[in-house]
Amino acid sequence: MGEIQRPGALYQQIAAAIRNGITEGEYKPGAPLPSEADLIKQYGVSRPTVRKAIAALRAEGLIEVTHGKRSYVRALPAPAVNIERAITRSGKTFRTGHQDWQQAEAPTVYRTTTTAATGPLLGLAEGEALFAVDRLLADPHTDTRALHRVLIPFATADQAEQLAEAPDTEPEQIYALLAAAGHKLTWHETVSARMPLPDERDALQVPDATPILLASRLTLGTDQHPLILEELRTGADRAQLAYRLTADSPRTLHAV
């Protein structure tokens with residue numbers, strides 16, 4: 001790990017060498033890194049250079065620094081909670097995997113428009129009017145948090161009077177209303193990961209340099225027409241998404 005031949009600032013070269021040591025298993029999760037004095041001697045650099053390298057690794061989430069200024073390889077815990085993403089149906093009642101989560105705050109309902117990202121998913125042009133409902137959810141057992149957003153096109157709301165009057169109807173009830181309106185529902189879901197925006201990091205209470213999971217669920221009605229779009233965001237350090245797969249449908253999710 002002592003060779004630093006990569007281009008770039010000296011502290012970046014040292015950070016890269018330590019990063020390689022972590023990646024290759026030379027330093028195990030939870031294990032201490034060499035002290036500042038040892039790193040200064042090993043690389044023949046000044047204390048500020050070593051501290052900048054340690055700060056860069058800390059910003060990446062690879063190490064933790066104790067109050068005694070000793071650095072340790074970050075031990076990534078197993079996710080605290082599974083979020084079941086399957087949808088089940090019994091008669092006219094639908095259930096989802098986070099239905100029992102508590103609302104940490106009252107839902108926020110507002111009008112917005114489709115974007116270049118959400119418009120194509122909903123089969124609409126950019127700038128089309130939508131109802132939006134934002135919820136901050138908390139798992140009652142682990143206090144893991146999730147941000148849930150529902151985007152409802154006006155055309156969909158017009159198909160159910162209750163939905164038009166109360167866009168903040170729970171998603172499970174929205175499914176029931178759309179099924180009662182004559183739709184045979186199916187769902188398509190994609191999952192991605194990205195770094196959180198500042199407000200997302202604060203709301204989800206995720207540590208620095210920690211990505212979030214983003215699950216985008218599209219509810220499709222008759223003739224596979226998009227009806228609503230849901231987005232679930234949660235910290236990748238606290239949760240993992242679980243799916244029940246079936247062999248009788250090409251869709252990612254479907255009601256059973």
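Computed from a predicted model, the values in this text were never measured in an experiment.

J.: What is the right way to read the overall build of the protein chain from this model?
T.: Across its full length, the protein chain carries eight helices and 14 strands. Relative to a compact globule of 256 residues, whose C-alpha radius of gyration would be 18 Å, the protein chain shows 24 Å and is clearly more extended. Taken over the C-alpha atoms alone, the protein chain extends approximately 75 × 35 × 35 Å along its principal axes. Looking at the protein chain as a whole, 41% of its 256 residues qualify as buried. Of all intrachain contacts in the protein chain linking residues separated by at least 6 positions in sequence, the fraction that spans at least 24 positions is 60%. Here the protein chain has roughly 13600 Å² of accessible surface; of this, 51% comes from carbon and sulfur atoms.

J.: I tried to follow the pairing of strand β11 (residues 212-220) on my own but got confused; where do I start?
T.: Each regular strand carries side chains that alternate between the two faces of the sheet. With nine of nine residues buried, β11 lies mostly within the body of the structure. Here β11 shows two buried faces, one formed by Ile212, Leu214, Ser216, Leu218 and Leu220 and the other by Leu213, Ala215, Arg217 and Thr219. Bridge analysis of strand β10 (residues 186-194) against β11 gives nine bridges, and the strand direction is antiparallel. In the strand pairing of β11, Thr190 is matched with Ser216. As paired strands, β11 and strand β12 (residues 226-235) are joined by nine bridges and run antiparallel to one another. Its bridge partner being in β12, Ser216 is matched across the sheet by Glu231. In sequence, β11 turns back onto β12 through a hairpin of five residues, with Asp223 there showing a positive phi of about 65 degrees.

J.: Honestly, the pairing of strand β8 (residues 129-138) in this entry has me stumped. Any pointers?
T.: With nine of 10 residues buried, β8 is to be regarded as a mostly interior element. For strand β6 (residues 102-103) and β8, the ladder comprises two bridges, and the chain directions are antiparallel. Looking at β8, one finds that Gln103 is bridged to Leu137. The pairing of strand β7 (residues 108-113) with β8 spans six bridges and is antiparallel. Pairing of Thr112 across the sheet is with Leu130, part of β8. Once β8 ends, the chain turns through six residues before running back antiparallel as strand β9 (residues 145-153), passing Asp143 with a positive phi of about 65 degrees.

J.: I tried to follow the packing of helix α2 (residues 36-43) against helix α3 (residues 47-59) on my own but got confused; where do I start?
T.: Angle between the axes and distance between the axes: these two values describe a pair of packed helices. Where α2 meets α3, the closest approach of the two axes is 9 Å, and the angle between their N-to-C directions is 110 degrees. Classified by the angle their axes make, α2 and α3 are roughly perpendicular. The handedness of the crossing between α2 and α3 comes out as right-handed. Contacts between α2 and α3 involve Glu36, Leu39 and Ile40 from the first element and Arg47, Val50, Arg51 and Ile54 from the second. Along the lines of polarity and charge, the residues of the contact of α2 with α3 split into four nonpolar, no polar and three charged.

J.: Is there a simple way to think about the layout of surface pockets in this case?
T.: Unfilled space is identified by rolling a water-sized probe across the atoms. In this structure, the largest pocket spans a volume of roughly 230 Å³. Around the largest pocket, the lining comprises 14 residues; the ones closest to its centre are Glu36, Ile54, Val65, Lys69 and Ser71. Elements represented by at least two residues in the lining of the largest pocket include exactly α2 and α3. Of all the elements, α3 adds the most residues to the lining of the largest pocket, at four residues. The class makeup of the residues in the lining of the largest pocket is six nonpolar, three polar and five charged.

J.: Just checking my understanding: could you explain α2 for this structure?
T.: Side chains that are three or four residues apart share a direction in an α-helix, a result of its 3.6 residues per turn. For α2, the full list of buried residues reads Leu39, Ile40 and Tyr43. Axial view of α2: buried residues confined to an arc of 100 degrees, hence all on one face. On its buried face, α2 is in contact with α1 (10-23) and α3. Where α2 ends, the next residue or the one after it, Gly44, has phi of about 65 degrees, a positive value.

Cut-offs and rules
- Residues numbered from 1 in each chain as written.
- Predicted model: local features only at pLDDT ≥ 70, side-chain atom pairs only at ≥ 80, totals over all residues.
- Heavy atoms only, no water.
- Helix = DSSP H or I, 4+ residues; strand = E, 2+ residues; numbered from the N terminus.
- Rg over C-alpha atoms; globule rule 2.2 N^0.38 Å.
- Buried < 20%, exposed > 50% of the residue type's maximum accessible area, 1.4 Å probe, protein only.
- Contact = heavy atoms within 4.5 Å.
- Areas by Shrake-Rupley, 256 points an atom, 1.4 Å probe, with all protein chains shown as cover.
- Pairing = 2+ DSSP bridges.
- Axes fitted to C-alpha atoms, helices over the stretch in contact; angles between N-to-C directions.
- Parallel < 35°, antiparallel > 145°, perpendicular 65-115°, else oblique.
- Left-handed = near helix turned anticlockwise from the far one by under 90°.
- Nonpolar A, V, L, I, M, F, W, Y, C, P; charged D, E, K, R; others polar.
- 1 Å grid on protein atoms, 1.4 Å probe; cavity = no way out; pocket = protein on both sides within 12 Å on 5 of 7 lines; lining within 4 Å.
- Points joined across faces, edges and corners; volume = space filled by probe spheres on them.
- Arc of directions from axis to C-beta.

Read these as layout, nothing more, since geometry by itself doesn't imply function.
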